[in-house]
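# Survey of secondary and tertiary structure
Listed below are the residues making up each chain.
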Amino acid sequence: MFWSFFAAFITGILASLGVGGGMLLIIYLTVFAGFDQLSAQGINLLYFIPIALLAVIIHTRNKLINWRPLIPAIAAGIVGAVIGSIIARFIDKELLRTIFAVFVLVIGVKEILYKKQDDPELAKRNTAVSTKNIRGNFKTI
Amino acid sequence: MKKKSKGKGYYALCGALIGTVNGLFGSGGGVAAVPALKNAGLSVKESHASSLAVTLPLSAVSMAVYSLGQDFSWSDALPLIPFGLAGALIGGLVLKKISNVWLKRIFGGLLILAGGRMLLT
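### Quick look at the overall build of chain B
A tally of regular secondary structure across chain B gives 6 helices and 0 strands. In chain B, the order of α-helices and β-strands from amino to carboxyl end is α-α-α-α-α-α. The proportion of buried residues among the 121 residues of chain B is 46%. Restricting to contacts in chain B with at least 6 residues of sequence separation, those with at least 24 account for 55%. Of the accessible surface of chain B, which amounts to about 5800 Å², a share of 70% is contributed by carbon and sulfur atoms.

### A closer look at unusual backbone geometry
We note that A:K63 has phi near 60°; this positive angle belongs to a residue other than glycine. Here A:K63 is to be found in the loop between α3 (37–61) and α4 (67–90).

### A look at the packing of helix α2 (residues 29–39) of chain B against helix α3 (residues 44–68) of chain B
Residue and element names in this part refer to chain B. At their nearest, the axes of α2 and α3 sit 8 Å apart, and the two run at 135° to each other. By the angle between their directions, the pair α2 and α3 is classed as oblique. The two elements α2 and α3 cross, and the hand of that crossing is right-handed. Touching G29, G30, A33, V34, L37 and K38 of α2 are V44, S47, H48, S50, S51 and T55, all from α3.

### Section: the packing of aromatic side chains
Evaluated as defined, the whole model comprises 8 aromatic pairs over all chains. Between the aromatic rings of A:F2 and A:W3, the centroid separation amounts to 5.2 Å while the plane-to-plane angle is 75°, which identifies the pairing as edge-to-face. Across the pair, A:W3 and A:F2 agree in class, each one exposed. Relative to B:Y11, the ring of B:Y10 has its centre 6.0 Å away and its plane inclined at 85°; by these criteria the two rings are edge-to-face. According to the relative accessible area criterion, B:Y10 is partly exposed, its value standing at 21%. Owing to a relative accessible area of 7%, B:Y11 belongs among the buried residues under this scheme. Taking NZ or CZ as reference, B:K6 lies 5.1 Å from the ring centre of B:Y10, over its face.

### Observations concerning the side chain of A:S4
Tracing the backbone shows A:S4 in helix α1 (residues 2–16). Sequence-distant contacts of A:S4, defined by excluding residues within four places in its chain, comprise A:Y28 and B:L80.

### Re the interface of chain B and chain A
Tallying the contact residues gives 83 residues for chain B and 86 residues for chain A. Carbon and sulfur atoms supply 78% of the area that chain B and chain A bury against each other, a total of about 7800 Å² over both sides. With a shortest N-O distance of 3.1 Å, A:E111 and B:K104 are connected by a salt bridge. Counting across the interface, chain B meets chain A through 8 residue pairs in polar contact (both at pLDDT 80 or more). At the level of secondary structure, the elements contributing two or more residues to the side of chain B that touches chain A comprise α1 (8–25), α2, α3, α4 (74–77), α5 (81–93) and α6 (101–120) of chain B. The leading source of residues in the side of chain B that touches chain A is α3(B), at 21 residues. Split by residue class, the side of chain B that touches chain A holds 46 nonpolar, 26 polar and 11 charged.

### Points about the pattern of salt bridges
Counted under the stated rule, the structure contains 3 salt bridges over all chains. Residues B:D71 and A:R89 are paired through a salt bridge, measuring 2.8 Å at the closest nitrogen-oxygen approach. Of this pair, B:D71 sits in the loop between α3 and α4 while A:R89 sits in helix α4, each in a different chain. Given a relative accessible area of 18%, B:D71 falls into the buried group.

### Some points on the nonpolar core
Core analysis: the largest hydrophobic core is formed by 64 residues, its most contacted members being A:M23, A:I27, A:Y47, A:L70, A:F100, B:Y11 and B:L111. The greatest single-element share of this core, amounting to 12 residues, is contributed by α3(A). Residue-level mapping places this core at the junction of two domains, with at least three residues from each of domain 1 (1–71) and domain 2 (73–121) of chain B. Those residues in contact with A:I27, other than ones at most four positions away along the chain, are A:F32, A:F100, A:V104, B:L111, B:A114 and B:M118.

### Observations concerning α1(A)
The end-to-end C-alpha distance of α1(A) is 21 Å, a good match for the 21 Å that 15 residues give at a rise of 1.5 Å each. Taken residue by residue, α1(A) has A:S4, A:A7, A:A8, A:T11, A:G12, A:I13, A:L14 and A:S16 as its buried positions. Looking at the buried residues of α1(A), the elements they touch are α2 (22–31) and α3 of chain A together with α5 and α6 of chain B.

### Considering a nonpolar patch on the surface
A contiguous nonpolar surface patch, about 450 Å² in accessible area, is contributed by A:F2, A:W3, A:F6 and A:I10. With respect to the helices and strands, A:F2 occurs in helix α1.

### Details of the confidence of the model for chain A
Regions with low pLDDT carry predicted coordinates that are not meant to be interpreted in detail. Mean pLDDT over chain A stands at 83; residues scoring 70 or higher make up 79%. Every residue in residues 129–141 of chain A is under pLDDT 50, and counting partners more than four places away or in other chains gives 1 contact.

Each value, and the rule that gives it
- Residues numbered from 1 in each chain as written.
- Chains lettered and ligands numbered in written order.
- Predicted model: local features only at pLDDT ≥ 70, side-chain atom pairs only at ≥ 80, totals over all residues.
- Heavy atoms only, no water.
- Helix = DSSP H or I, 4+ residues; strand = E, 2+ residues; numbered from the N terminus.
- Buried < 20%, exposed > 50% of the residue type's maximum accessible area, 1.4 Å probe, protein only.
- Contact = heavy atoms within 4.5 Å.
- Areas by Shrake-Rupley, 256 points an atom, 1.4 Å probe, with all protein chains shown as cover.
- Axes fitted to C-alpha atoms, helices over the stretch in contact; angles between N-to-C directions.
- Parallel < 35°, antiparallel > 145°, perpendicular 65-115°, else oblique.
- Left-handed = near helix turned anticlockwise from the far one by under 90°.
- Phe/Tyr/Trp six-rings, centres within 6.5 Å; stacked < 30°, edge-to-face > 60°.
- Lys NZ or Arg CZ within 6 Å of the ring centre and 35° of its normal.
- Buried area = accessible area lost by both parts, 1.4 Å probe.
- Salt bridge = Lys/Arg side-chain N within 4 Å of Asp/Glu carboxyl O.
- Polar contact = N/O pair within 3.5 Å; in protein donor to acceptor, adjacent residues only side chain to side chain.
- Nonpolar A, V, L, I, M, F, W, Y, C, P; charged D, E, K, R; others polar.
- Core = buried A, V, L, I, M, F, W, Y, C linked by side-chain atoms within 4.5 Å.
- Domains from an automatic or database assignment.
- Expected span 1.5 Å × (residues − 1).
- Patch = residues over 30% accessible without salt bridge, like charges linked within 9 Å, V, L, I, M, F, W, Y side chains within 5 Å.
- pLDDT = per-residue confidence, 0-100.

If you want it as structure tokens, here you go:
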């Protein structure tokens, strides 16, 4: 049980960084905790909801979310979500696990190839933060 | 490079794809949503925030469909939530300042190992 809590904690950190932690939680649940693929996916969906809700409230207050253009994405997404979930429920669990593994591999390769240049804003922000930290350290000295 | 803002059709198409992936795999909606939103002209921060705004309702719908067949039990998920919230809070407060390039590489490496293992066993 301890390791499940630990996995949930790490997944939460990754999720807040926008590094898709949900996949790792599912992998942990299936490989180490003995859940079947579909159960692990269901657990992750439920687990994700309160965490995302908290983040969405904070981001909306900080005016980082403009809801209007997202409405068509959510509306069409609901149809997709129903279809995707029904497929997940009715295909063979071993087949689902294999497709999931391929998906995980593809995302893994994509993340490894990620470059800082893809994220100019982040690079800028990191420089700003590190200068501030250096200054802060001088002050404390 | 300034990108044109995208129309309703683009958002609907991406949304349908994100919903299907997220429903099929019970995860991964964000991985598809962030680049789609960046491509629509949103900033990196806005893309991350908005991806959650999209995947939250879609996950709720998928969770409801999964629940219909009792494919998982709530009692397995609920104890994990406080730990996830604590992780998210700490991540939000502290780790936002750290470059996530290396984090992404480590995460990517883990996914490749795990995906490979899952395929072989």
